[in-house]
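# A structural walkthrough
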Amino acid sequence: MTILVIGGTGKSATPLVRLLHQANHPIVLANRSGTVPAPYTGTRFDWLDPSTYPLPFSTHPDIDRVYLVAPSLIDPYPQVKAFIDYARARGVRRFVVMSGSPLEKGQPPMGRVHEYLDGLGVEYCALRPSWFFDNFATQYADRIRTEDEIVSAAGDGKLGYVSTEDIADVAFKALVDDVIEHDNPIIVGPELVSYDQIADMLTEVLGRKITHRRLDEAELKQVMLGRGMPEEYAQMMVAIDGYVAGGGEGKQFERANVVGKRKIRDFFEANKDVWRKVD
Ligand SMILES: NC(=O)c1ccc[n+]([C@@H]2O[C@H](COP(=O)([O-])OP(=O)(O)OC[C@H]3O[C@@H](n4cnc5c(N)ncnc54)[C@H](OP(=O)(O)O)[C@@H]3O)[C@@H](O)[C@H]2O)c1
């Protein structure tokens, strides 16, 4: 009875594997190198190389549940479907899949995976969180450190930014409970916030002025391309900001199934050093 955690060293899985380990559930963490931090056991696995799909099962033949972070492709469905089929044949009976708040069943990219799992009749849960707090400590961090700014095309749009620890609480239960409580839970943080409000919070916490610079979609796309993002992926990310600007995430907040406890301001306080000024 082992849980395979694909993307086990990533943002969403990190607090999840901590919970599973503390509760003594046998786990194995998969990523491309197979190298994982102590005290965990790792396995090599690459979504883009199907010859690696058997590797986790060769060392852990009793894997029966999978936490799944898909590859960051415009359409990861072919790879994810192929792996689900393989894993089922190897005895996996439950899948907990990282998806996203806007994605209804059937809606590309990950909604197609919800639909596929639904059709198979297997036990599954598609987690639909809003945006992660951790984005500010990863992809947005450099710009905050060097330019004192957050850039977006989200305008006054608001988001229910959520802690990966709150997401992990839901994922943990979905993996270990006898019966899964929600099949496609929308998971949000306790507050709906705009980027202007986030910039104000960072200003207070860091003691220096942080600005939300409003870009139009073409300008934001240039920023994404400058970060080395492929064109099609940059276009998708820009469209997501447009969806936020149009109030899409505000609506998802209203219909959330799970409201997390952790507040974004506390995350900023606890991680202040991440945004220490760099000139
Ligand atoms: N960030 C947000 O605000 C947000 C909100 C809602 C939903 N999501 C969804 O969350 C997912 C990302 O999850 P995350 O933030 O936990 O991931 P993450 O922090 O980006 O980490 C990705 C994990 O997958 C591994 N990985 C990368 N490429 C791989 C490959 N080809 N084969 C096998 N493993 C690979 C990485 O390790 P190696 O690089 O070492 O292989 C790492 O362990 C995306 O599907 C995104 O749409 C994100």
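Residues numbered from 1 in each chain as written. Predicted model: local features only at pLDDT ≥ 70, side-chain atom pairs only at ≥ 80, totals over all residues. Heavy atoms only, no water.

## Re the domain arrangement of the chain
Just so we agree on the cut-off: An automatic or database domain assignment is the source of the domain bounds shown. By definition, residues are in contact when any of their heavy atoms lie within 4.5 Å. Summed over both partners, the accessible area lost on bringing two parts together, with a 1.4 Å probe, is the buried area. The term salt bridge refers to a pairing of a side-chain nitrogen on Lys or Arg with a carboxyl oxygen on Asp or Glu at a separation within 4 Å.
Domains assigned within the chain are domain 1 (2-129) and domain 2 (135-158 + 190-255 + 262-275). Of note, the centres of domain 1 and domain 2, computed from C-alpha atoms alone, are 27 Å apart. Across the contact, eight residues belong to domain 1 and 10 residues belong to domain 2. Interface area, domain 1 with domain 2, both sides summed: about 670 Å², of which 56% is carbon and sulfur. Its largest share of buried area at the contact with domain 2, domain 1 owes to Lys 11, Ile 74 and Ser 101, together 60% of the area lost on that side. The interface formed by domain 1 and domain 2 contains one salt bridge.

## Re the pairing of strand β2 (residues 27-31)
For clarity, the threshold we go by: Only protein chains enter the accessibility calculation, which uses a 1.4 Å probe; a residue is then buried when its area is under 20% of its type maximum, exposed when over 50%, and partly exposed in between. To qualify as a helix, a DSSP run of H or I must reach at least 4 residues; to qualify as a strand, a run of E must reach at least 2; elements of each kind are numbered from the N terminus. A pair of strands counts as paired when DSSP detects no fewer than two bridges linking them.
Counting buried positions along β2 yields five of five residues, so the element is predominantly enclosed. Neither face of β2 is open: one carries Ile 27, Leu 29 and Asn 31, the other Val 28 and Ala 30, and all of them are buried. Pairing of strand β1 (residues 2-6) with β2 involves four bridges; the strand directions are parallel. Within β2, the position partnered with Ile 6 by the bridge is Ala 30.

## Considering the packing of helix α8 (residues 217-226) against helix α9 (residues 231-245)
Filter applied, for reference: Axis lines are fitted through C-alpha atoms, for helices just across the contact stretch, and the angle between N-to-C directions can take any value from 0 to 180 degrees. Every angle not falling under 35 degrees, over 145, or within 65 to 115 is termed oblique; those three ranges are roughly parallel, roughly antiparallel and roughly perpendicular. Crossing handedness is read from the near helix: turned anticlockwise from the far helix by less than a right angle, it gives a left-handed crossing, and turned clockwise, a right-handed one. When residues are grouped by polarity, Ala, Val, Leu, Ile, Met, Phe, Trp, Tyr, Cys and Pro land in nonpolar, Asp, Glu, Lys and Arg in charged, and all others, Gly among them, in polar.
Look at α8 against α9: their axes get within 9 Å of each other, and the N-to-C directions meet at 135 degrees. Classified by the angle between their axes, α8 and α9 sit oblique to one another. Our pair here, α8 against α9, has a crossing hand that is right-handed. On α9, the residues touching Glu 217, Leu 220, Lys 221, Met 224 and Leu 225 of α8 are Glu 231, Ala 234, Gln 235, Met 237, Val 238, Asp 241 and Gly 242. Here the contact of α8 with α9 is built from residues that sort into six nonpolar, two polar and four charged.

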